[in-house]
Amino acid sequence: MFLKNLSLTNYRNYQSLSLDFDGPIQLFIGNNAQGKTNALESIYVLALAKSHRTPRDKELIAWDADYATIRSDVLRRYGSVRLELQLTTKGKRAKINGMEQQKLSAYVGALNVVMFAPEDLSIVKGAPAQRRRFIDMEIGQVSPTYLYYLSNYNKVLAQRNQLLKDLAMKKSHSLEMLAIWNTQLADLAVKLLRKRFEFLRKLEVWAQEIHTGITNGREMLSLHYVNSSPVTDEMSAEQAVEKMLAAYEEVRDREIMRGSTLIGPHRDDFSLKVNNMDVQTYGSQGQQRTSALSIKLAEIELIKEEVGEYPVLLLDDVLSELDEHRQTLLLETIQDRVQTFVSTTGVEGLKHQVLQQASRFYVKEGTISGER
């Protein structure tokens, strides 16, 4: 998977930008607050139709503009694909080879990316919501149906929560309607959970191998799904739905009292353990960083396994956060295999041969110039 070019219009601080790429490694060099992260973010947004930095699309549009557009020609193993995403205050328009996609779930996956930034340490030490977002975004890249189920789940969840609030305030007494929402939500919850269980199993296989290599066999990394419901990986879909419905009945009074749904994928989490020790609580900063790096490198291999080609890798000011050993491991993993975009404030500390051969782009106040 290879980005041949990138075109931006009214995207954050880029009024107009057009770049061509011909090498495997692209270095974006510049001081802070010049637009390096914005450039890498635009590639992420082009792939996933949402930003990793903000949930508000309005922030991606230049302050004096009504829309922003991102375009790129992406070389896939089956040929070249032209992607275009337009962001407006009223929504998004996504096109593949000039054909508008009616659903974003049909668009996401045309370009696969893995982003690694300093804030990705939150995968290890952040709140459960950050890990849920991580798992949802990564599964969504390789499974459009997952995004479809997730969107429907969130819609039904909102309806169910509103009914629970109405029941709590005596605005409604319709337990029959609650039973209908229970049936719909349980079915969607199980579909999401089964995808999550499968994803985490596969991710763990790759992450364990990578983590063992980084630590020279001293540490074993394991991933554990933290479930708010009684559904397990071993259950059939039918058994899981029955368990979920029974669980809703069990907590019904508490849910009505609180006016919200207390169990389901929206409440779940996953934990990382090194040698059976919880990394978030007991791990050193070095172990947390190594675990995050292992997860990110595992993502690259998992996407390759699922879609048949490597994703594009975005390294946003992350190399300075890694020591020389971890830097070397990361760069040797991607060498000659993964097209990589790296943002950095300078190249002085980047002595690895892979980076010395990279194409260089200099970023200053929303303009980018090629190598000089």
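Residues numbered from 1 in each chain as written. Predicted model: local features only at pLDDT ≥ 70, side-chain atom pairs only at ≥ 80, totals over all residues. Heavy atoms only, no water.

**Points about the sheet that holds strand S14 (residues 340–344)**
Pairing within the open sheet is mixed, and its six strands lie in the order S9-S13-S14-S4-S15-S16. Edge positions in the open sheet fall to strand S9 (113–116) and strand S16 (367–369), since each of these has one partner strand only. For this sheet, the mean inter-axis angle between neighbouring strands, taken without regard to orientation, is 20°. Pairing between strand S15 (residues 359–364) and S16: three bridges, direction antiparallel. Residue pairing in the sheet places valine 363 in a bridge with isoleucine 368 of S16. Set on the sheet, helix H10 (residues 285–307) makes contact with S9 and strand S13 (312–316); between it and S9 the angle comes to about 170°. (Pairing = 2+ DSSP bridges. Helix = DSSP H or I, 4+ residues; strand = E, 2+ residues; numbered from the N terminus. Axes fitted to C-alpha atoms, helices over the stretch in contact; angles between N-to-C directions. Contact = heavy atoms within 4.5 Å.)

**Looking at the packing of aromatic side chains**
Within this structure, the stated rule accounts for seven aromatic pairs. Their ring planes at 80° and their centres at 5.0 Å tell us that phenylalanine 21 and phenylalanine 341 sit as a pair that is edge-to-face. Here phenylalanine 341 lies in strand S14 and phenylalanine 21 lies in the loop between strand S3 (14–20) and strand S4 (25–29), a separation of 320 residues in the sequence. On the basis of relative accessibility, which here comes to 6%, the residue phenylalanine 21 falls in the buried class. For phenylalanine 341, a relative accessible area of 0% corresponds to the buried category. Considering the side-chain rings of phenylalanine 28 and phenylalanine 361, the 5.3 Å spacing of their centres and the 20° angle between planes classify their relative orientation as stacked. Taken together, the positions of phenylalanine 28 in strand S4 and phenylalanine 361 in strand S15 put the pair 333 residues apart, joining distant regions of the chain. For phenylalanine 28, a relative accessible area of 1% translates into the label buried. (Phe/Tyr/Trp six-rings, centres within 6.5 Å; stacked < 30°, edge-to-face > 60°. Buried < 20%, exposed > 50% of the residue type's maximum accessible area, 1.4 Å probe, protein only.)

Honestly, it's all geometry; don't read function into it.
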